[in-house]
Amino acid sequence: MHTRSTFIPPYILDRIVDRGSAYQRGCARITLDHLHSLLPNPGPPHPTAIAELGEQRTPGHPQRRIHDAEQRMQLPGRQRRREGQPATGDPAVDEAYDALGATYDLFWQVFQRDSIDDLGMPLIGTVHYGQGYENAFWNGEQMVFGDGDGELFQRFTRSLDVVAHELVHGLIESEAGLVYFNQSGALNESVSDVFGVLTKQHSLGQTAAEADWLVGAELLTDKVQGVALRSMAHPGTAYDDPLLGRDPQPAHMRDFIETREDNGGVHLNSGIPNRAFYLAATALGGYAWEQAGRIWYDTICDPRLANDADFATFAGLTLTHAARMFGAPSQQVEALNQAWAGVGVEPR
Amino acid sequence: MTIPELGPETSLRLSRQGGFAAVPGLARPRQIEFARCDAAQRRGICAVLERCLPVASKSVGAGDQRFYQVELHYRREDADAEMILQIPEERAPRELVQLWQDGAIASDAP
C-alpha cells in the first residue's frame, strides 16, 4: 500500500477571532478555566550540557556562545562565536552576540544581576534557525532566532529589544516564574517587553522622552504597513497590514480580550501593563531604567509575587516597592497610581 | 486520551499560535467540515490526530515558543462536545503541519 496526498475542501482561511462574540467569550472562559488548573510552573531555567563546559563565573562579564543552526531546526547547532572572539562577519551571529552583551550590561550595571539566573549562567543563542523562520523564542535553556521569511519579517536579531526580550523570559523563569497563561502570562510577556526596550534605551543612552517605545521596530520589511510588532506607548497601533492583520493589542482594561487563542491572549493583553509602564516612566522622566525599571525589577524578584499573579496584584506590588524605595507619599507612588489608573487597573 | 468517534457533523479548526510575532495573519486558522470530506479523507484526518495525541500538551507556548491548536467540535450522545489539542511546534508531526499549511493529508491509495 502506498499513500498519496489529498486536499481537504474547503479552504477557509478566516481571520483570528480577536474580539469574539458573547458566545465565543463564553466558550473561551470555560476552556481557560479548564486549562488553568492543568498548567504547571515551568520552573527555573536549566543550563544545558554546553552551558556547563567548565566555565568559571566572571561577575560583570557575560559568557556568550552563539551557535548556527544552518537553517535546520536542531539545537544548539554549530558553535560560531565564543566570548571574546572577534566578529564573524555574519550579521546574525554578531548581532546576537552584541545584543546579549547589551542585555547583560543593563542587568549588571543597573541591577547588579549576574546573568539570567544571577549565577553567571552562560548566554547561549542560536541563529539561522529553520528556513524562513519568522520567530524568536526562549526554550528554557537558550535563545533561538529565525531569519524571517524576507517578505514580512527580516532576521530577528536585527532588533536589540527582541533579543533582550527572549533573555528576559529566562530571567522571569528564574524569579517570579509567571505562568504563561491569562493575566500572569500577559505579565510575563509585558515584563519581557519592558526590559527589552529598557535594554535598547540603556544601550542608546535614551531618556524616556526620547525613546520610541516600539518593540521589534527593525523586524518588519518595507512591504509591511506598520512600524513595529508592538507599541508600548500606544498599544494597538503598531501595524495595520493586509497580510499581518491589524495590531490587536488593547491599551486599557475596558478592552481586555478574553480569548482561547495564544494561551489566553498573552501577547494581546500585555499591551495593558506595557502602557502602564510607559505612562509611569514618562511621567517620572529621565532614564526609565533608573526609577520605573528599578520598581519593576524589584517586583519580579519579590518572592511575594505569586506565579499566577494578575494585573491588580502585580500593580499593588509595584506600589509597595515604589513606597519602600522612594517613600509614601512620593512623586513615584503618585506617578504609579496615575499610570495604573490610566489603563484601568485597580492595584490590589 | 483517545480521539473520540467523529461523525459527519464534526468540524475541526487548526491554527498555529504563539511566538514573539504572534500577529493575527500568522495564525492562518483552517476550518474543516467533515460533511465536506469523503470517508478516506476523514480517516486520514483521524490518523493525523492520533499521531498528535502522544505529543499534545496542556502547557505550551512558554517563552514565545509556537504551537498548533486543534479544536474539534463533534456530537457525543446527542450533545455538542469539544476537544482541544495543543502541540508544541518542535514536536508537531509532519502530517499536522502539512494539514495546516496546505490542507493536505496522506490517505490510502485505492
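Throughout what follows, the structure given in this document is the object of discussion. (Residues numbered from 1 in each chain as written. Chains lettered and ligands numbered in written order. Predicted model: local features only at pLDDT ≥ 70, side-chain atom pairs only at ≥ 80, totals over all residues. Heavy atoms only, no water.)

### Structural notes on unusual backbone geometry
Across residues other than glycine, the phi torsion is negative in most instances, and most of the peptide bonds are trans.
Residues and elements named next belong to chain A.
Argument step 1. Here the residue pair Leu75 and Pro76 is connected by a cis peptide bond, since its omega of 5° sits within 30 degrees of zero.
Argument step 2. Looking at the secondary structure, you find Pro76 in the loop between strand E2 (64-68) and strand E3 (78-82).
Argument step 3. Notably, His128 is not glycine yet its phi reads approximately 55°, a positive angle.
Argument step 4. Tracing the chain through its elements places His128 in strand E4 (residues 123-129).
Argument step 5. A positive phi angle, near 55°, is found at Asn263, a position not held by glycine. (Helix = DSSP H or I, 4+ residues; strand = E, 2+ residues; numbered from the N terminus.)

### What to know about helix H3 (residues 160-174) of chain A
Argument step 1. With 15 residues, H3(A) extends 22 Å from end C-alpha to end C-alpha; this agrees with the ideal 21 Å at 1.5 Å per step.
Argument step 2. Judged by how many residues are buried, H3(A) sits mostly within the fold: 14 of 15 residues are covered. (Expected span 1.5 Å × (residues − 1). Buried < 20%, exposed > 50% of the residue type's maximum accessible area, 1.4 Å probe, protein only.)

### Concerning the packing of aromatic side chains
Argument step 1. All chains considered together, the criterion is met by 19 aromatic pairs over all chains.
Argument step 2. Measuring from centroid to centroid gives 4.6 Å for Tyr287(A) and Trp289(A), while their planes differ by 15°, and the two rings are stacked.
Argument step 3. Residue Tyr287(A) is classed as partly exposed on the basis of its relative accessible area of 33%.
Argument step 4. A residue is classified by how much of its surface remains accessible, and Trp289(A), at 8% relative accessible area, is buried.
Argument step 5. For the ring pair Phe314(A) and Trp340(A), a centre distance of 6.3 Å and an interplane angle of 75° mean the geometry is edge-to-face. With Phe314(A) in helix H8 (residues 311-326) and Trp340(A) in helix H9 (residues 331-342), the pair connects residues that are 26 residues apart, well separated along the chain. Each member of the pair Phe314(A) and Trp340(A) is classed as buried.
Argument step 6. The ring of Tyr97(A) is capped by Arg81(A), whose NZ or CZ atom sits 3.6 Å from the centre of that ring.
Argument step 7. A cation over a ring is seen here: Arg230(A) above Phe20(B), with NZ or CZ 4.6 Å from the ring centre. (Phe/Tyr/Trp six-rings, centres within 6.5 Å; stacked < 30°, edge-to-face > 60°. Lys NZ or Arg CZ within 6 Å of the ring centre and 35° of its normal.)

### Quick notes on the pattern of salt bridges
Argument step 1. For the coordinates displayed, the defined rule picks out 27 salt bridges over all chains.
Argument step 2. Ionic pairing is found between Glu71(B) and Arg260(A), a salt bridge with its closest N-O pair at 3.5 Å. Taken together, the residues Glu71(B) in strand E3 (residues 67-76) and Arg260(A) in the loop between strand E10 (245-246) and helix H5 (262-265) connect one chain to another. Accessibility assignment for this pair places Glu71(B) and Arg260(A) in one class, buried.
Argument step 3. Residues Glu89(B) and Arg66(B) are paired through a salt bridge, measuring 2.8 Å at the closest nitrogen-oxygen approach. Of this pair, Glu89(B) sits in the loop between strand E4 (79-88) and helix H3 (94-102) while Arg66(B) sits in the loop between helix H2 (39-52) and E3, and the two are 23 residues apart along the sequence. Summarising the burial analysis for this pair, Glu89(B) and Arg66(B) share the class buried. (Salt bridge = Lys/Arg side-chain N within 4 Å of Asp/Glu carboxyl O.)

### Focus on the pairing of E4(B)
Argument step 1. Along E4(B), seven of the ten residues are buried, which leaves the element largely enclosed by surrounding structure.
Argument step 2. Here E3(B) folds back onto E4(B) in antiparallel fashion, the turn holding two residues, of which Glu77(B) has a positive phi close to 50°. (Pairing = 2+ DSSP bridges.)

### Some thoughts on H9(A)
All names here are of chain A.
Argument step 1. The terminal C-alpha atoms of H9, which comprises twelve residues, lie 16 Å apart, in line with the 16 Å expected from a rise of 1.5 Å per residue.
Argument step 2. Along H9, the residues that are buried comprise Gln332, Val333, Ala335, Leu336, Ala339 and Trp340. The buried residues of H9 occupy one face: seen down the axis, they fall within an arc of 160°. Looking at H9, the residues exposed on the side facing more than 90 degrees away from the buried face are Gln331, Gln338 and Ala341.
Argument step 3. Buried residues in H9 make contact with helix H6 (271-284), helix H7 (292-300) and H8.
Argument step 4. Downstream of H9 by one or two residues, Gly344 has phi in the positive range, about 80°. (Arc of directions from axis to C-beta. Contact = heavy atoms within 4.5 Å.)

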